[in-house]
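Okay, here's what each chain looks like letter by letter:
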Amino acid sequence: RRTFLLVLIAAASAWQPALIPQRFRPWSKSVCKLHSGRTWCGYALWAKAESNTNDKVISSMPTTTKNTKRVHEQIWKQSLGELNQVKPGKMVGTIEEGFDPSNRLFGADFLSAISSKGVDSKSKKSLEVDLKRNLMIYIQSCLSRLKMDELPVICNLGAKTTTEIKIFDVMNFASAMASSNLDIAFLSPKRKFQLVCGIIEAKNLEPEIESPENKQNIQQLGAYMMTCLAYSHWGVGSKPGTEPIIGLLVYATAVYRLSIMKPTDSQTKPFGLTFRIEYTNEPEKMAWAVETYVRDCASNYLRVDLNKLDGIQCVDPTLWTSINFDLENGLSRYVSSSPTNMGFLFRSSAANLHRLMGTPGFGMESFFIGKTIPEEDLIVKYISAILTGTPDGYYSTVKDIILREADEEKRRLLQEKEEENKRQLQEKDEENKRLRRLLEEIEDRSAKGLRIKKDALLSGQSKQVDPVLESKIDTFPEDETAIRESNLDVKSSVQGASASTADTSTSPGNAGVTPTEMRMFPTNLFGVKHPYIGFLMIASFHPLLIMRDVGTSLAVHVRDGEFRAKWKLSPGLRRNFAFDVGHSALNLINNLQRCHNDIRLPNIALKGDSFCLVDFDLCSEKIPEASTTCRVVTLIPDTLKDVDKFKKMMFTVSQIAFVVFIIEYFPAPGDSAKLTRYWLTNENLEKPYSEGFESWAKSKGQLVADLFCGPSTLDTTRMDQDYFIRLLHAILNL
């Protein structure tokens, strides 16, 4: 009986492993290894990299199912523009270009092959699973005819699925759609990179062409294509960017074909892609469209260069995303240590940004602090809907910080101008008084000299006089004229300065401050040190943050034993960290009512001995939802007057504590991940055993030990802002 069962399982696995029950999977894997015609069972779900998982948890990124439709819409909107109701008139045409009935792979009735049996007794979900299963069988038959049985195809059958492919299996990034399953995916051989050679989304009932449901289905297919398919074809390089990427949306009664293309000229279209939607509900053309797509996927599979895949270190997003403009323009590629970055950081320069600002679509929302872009090393961050889902929510805080500092800078410049005008007035007044005293003195001496002459004549004395006095008398008219002219100049300049001061004090905005006088603010007017200096918006959908290059991530430095030794031996270095990172994060809460929420090694930069907190994307007025009831936050009682502020400060200092712990103790990544999840998320986890963390906390003194060791003995009755400063300094041994 067991032998007979194995034979049945082997027969089933030969065409669809998703049908194998859960309890038989270990056997089926063994059978599949022996079966030379298929490789399905080797393609199981591969977990995300641990570091990426940690990023997602600590950053409180959206959950798998939350707002996915919104994310699909945002990705489409950013990459392809607005998708209004899909009307027949908006279609480029029906699926008929190249149609040749004689070129069919086999003459089976397509609709009969994919249709479900027993329709009346099945739910909508069951009908959709049947459609996917039947479509999969049809695809398998096509591959057999093409002698391409080795091409792996994965089909998502919901609860009946045994093998699946998710977007994060192809690309490491944190997003609401990263854990989405592809309905039917054509794959490459699994190497360092797992590529997708094709995507088919299958839905049972065809809605009206103009319906919101159909629009959502098209946007979902587009979002999948513009992530893992574009990344596989254009980015990693199995297909050049000059060729379109194509996906199918298959209903039981119709087929949509979506083609997405990169523009040919990045100067006329620096950001954005173009698309074409084709449609048919004719059974013969539906079959031909699916068979043609299977041929294309087989071709894509054969052109994958496995040796090239193994040598890839990073993928330039300008190759595969809606970014077409070369922001780096010859500069070395910026490579981030964070696996979730996906390369959306670029090295750039003032010259590159000026070129960008001269392209079509440059938005009026764009601004810099100062008239000119500084001639220094710059970093440009593209806010991609692929990563964030809602780009506007991710740059709003940074934009607000920059604008508030810009307003503060304008006020400072106006105040400096007013003080300078007052100083000039005072100097002119002093000079005027000095000249008047000199004039009075000369007039007195002149009058005295005339009296001496007159007395000498009346007494009959010689006309000879003191040569010095004579000299003074003789030069009087010239000196007096010069002094009086100078005096007039002083008065006119004083009057001019007064008028200038009046204009400055009464004019709004930038009055009295010319654009050339604007300078880059020190990024510390609110006690918050950050790298941001500007914001650009292209075509209303493409936001870019402009930053100074503030150094290399601590995630890189922490792997260097020399840096860790220097950290422990240098109070000055730790003091810089306290002010540049700790005080900045606390001032952000106290002065701007915003919590950074994402203080981790990758988000702290070091240049020389100067630190800078970066990546304010998750900065918010609130603590992340995933951390609102975490262990450190719940230590703050709700009875305190400033409870919200103190909770944000406690969460912030605790994040800093784990950064310092990793620097000083350098635990295994898995250990630090468990600790941060236990202390900084709402998850109800068993406390991980960590003798190293306990001893580290106790070595920092009573303040830190009260927070992290055993039952908390934290006294909150007299808690104030200074408590968090003291706690921060205790963590840093200052």
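Let me sum up the structure you'll find in this document. What you are looking at is a predicted structure, and each value in this text was computed from that prediction instead of being measured.

## Looking at the sheet that holds strand β13 (residues 552–553)
- Taken in spatial order, the three strands of this open sheet run β13-β14-β15, and their pairing is antiparallel. Each of the sheet's edge strands pairs with one partner strand only, and the pair in question is β13 and β15 (610–613).
- For strand β14 (residues 604–607) and β15, the ladder comprises four bridges, and the chain directions are antiparallel. The residue of β15 that forms the bridge with L606 is F611.

## Notes on the pairing of strand β11 (residues 532–538)
- Within β11, seven of the seven residues are buried, which leaves the element mostly enclosed by the surrounding structure.
- The sheet contact formed by strand β9 (residues 367–368) and β11 spans two bridges and is antiparallel. Bridge assignment links F367 to a residue of β11, and that residue is F535.
- In terms of strand pairing, β11 meets strand β12 (residues 542–548) through six bridges, oriented antiparallel.

## Some details on the packing of aromatic side chains
- Evaluation of the coordinates by the stated rule reveals 24 aromatic pairs.
- Judged by centre distance (6.2 Å) and plane angle (80°), the ring pair of F186 and Y293 falls under edge-to-face. Of this pair, F186 sits in strand β3 (residues 184–187) while Y293 sits in helix α8 (residues 283–302), placing them 107 residues apart in sequence.
- A residue is classified by how much of its surface remains accessible, and F186, at 0% relative accessible area, is buried.
- Taking relative accessible area as the criterion, Y293 reaches 4% and is therefore assigned buried.
- Look at F646 and F724: their rings are 5.5 Å apart centre to centre, the planes differ by 50°, and that puts the pair in the tilted class. Of the two residues, F646 sits in helix α17 (residues 643–665) while F724 sits in helix α21 (residues 721–731), which places them 78 residues apart along the sequence. Just as F646 is buried, F724 falls in that class too.
- Above the face of the F666 ring, R564 is positioned so that its terminal group lies 4.1 Å from the ring centre.
- The residue whose ring lies beneath R631 is Y678, and the NZ or CZ to ring-centre distance is 3.8 Å.

## Looking at unusual backbone geometry
- The backbone of Q593 shows a phi angle near 60°, a positive value even though the residue is not glycine.
- Within the element layout of this structure, Q593 appears in the loop between α16 (571–592) and β14.
- Phi is positive for N597, close to 75°, though the residue is something other than glycine.
- Within the secondary structure layout, N597 lies in the loop between α16 and β14.

## Section: the nonpolar core
- F577, F708 and F724 are the most contacted members of the largest nonpolar core, which has 80 residues in total.
- Per element, the largest residue contribution to this core is 14 residues, and it comes from α17.
- Setting aside residues up to four positions removed in sequence, F708 forms contacts with V632, S654, A657, F658, W679, K687, F693, E694 and A697.
- Residues A176, F271, L273 and W320 belong to the second largest nonpolar core, which totals 72 residues.

## Concerning the pattern of salt bridges
- For the coordinates displayed, the defined rule picks out 25 salt bridges.
- One salt bridge in this structure joins E278 and R257, with 3.1 Å as the shortest N-O distance. With E278 in strand β7 (residues 274–280) and R257 in strand β6 (residues 255–261), this residue pair connects regions lying 21 residues apart in the sequence. Each of the two residues, E278 as well as R257, counts as buried.
- The partner of R347 in a salt bridge is D549, with the nearest N and O atoms 3.9 Å apart. Of this pair, R347 sits in strand β8 (residues 345–348) while D549 sits in the loop between β12 and β13, and the two are 202 residues apart along the sequence.
- Overall, the relative accessible area of 27% leaves R347 in the partly exposed class.
- Owing to a relative accessible area of 17%, D549 belongs among the buried residues under this scheme.

Parameters and conventions
- By convention here, each chain's residues receive numbers from 1 onward along its written sequence.
- In view of the model being predicted, local features appear only for residues whose pLDDT reaches at least 70, and side-chain atom pairs are presented and counted only at 80 or more, with totals across whole chains, interfaces and linings using the full set of residues.
- As a rule here, side-chain values come from all non-hydrogen atoms in the structure, and water together with hydrogens is ignored.
- When DSSP locates at least two bridges between a pair of strands, those strands are taken to pair.
- Each helix corresponds to a stretch of at least 4 residues labelled H or I by DSSP, and each strand to a stretch of at least 2 residues labelled E; elements are numbered beginning at the N terminus.
- Accessibility here uses a 1.4 Å probe with only protein chains present; expressed as a share of the type maximum, an area under 20% marks a residue as buried, one over 50% as exposed, and anything in between as partly exposed.
- Only Phe, Tyr and Trp rings take part, Trp by its six-membered ring, and two of them pair if their centres are within 6.5 Å. Stacked means planes under 30 degrees apart, edge-to-face means over 60, and tilted covers everything else.
- Counted as over-ring charges are cases with an Arg CZ or a Lys NZ within 6 Å of the ring centre that also lie within 35 degrees of the ring normal.
- The nonpolar core is taken to be a set of buried Ala, Val, Leu, Ile, Met, Phe, Trp, Tyr and Cys residues, with the residues joined through side-chain atoms within 4.5 Å.
- Note on contacts: a residue pair is in contact if any heavy atoms of the two residues lie within 4.5 Å.
- For this analysis, a salt bridge means a side-chain nitrogen from Lys or Arg found within 4 Å of a carboxyl oxygen belonging to Asp or Glu.

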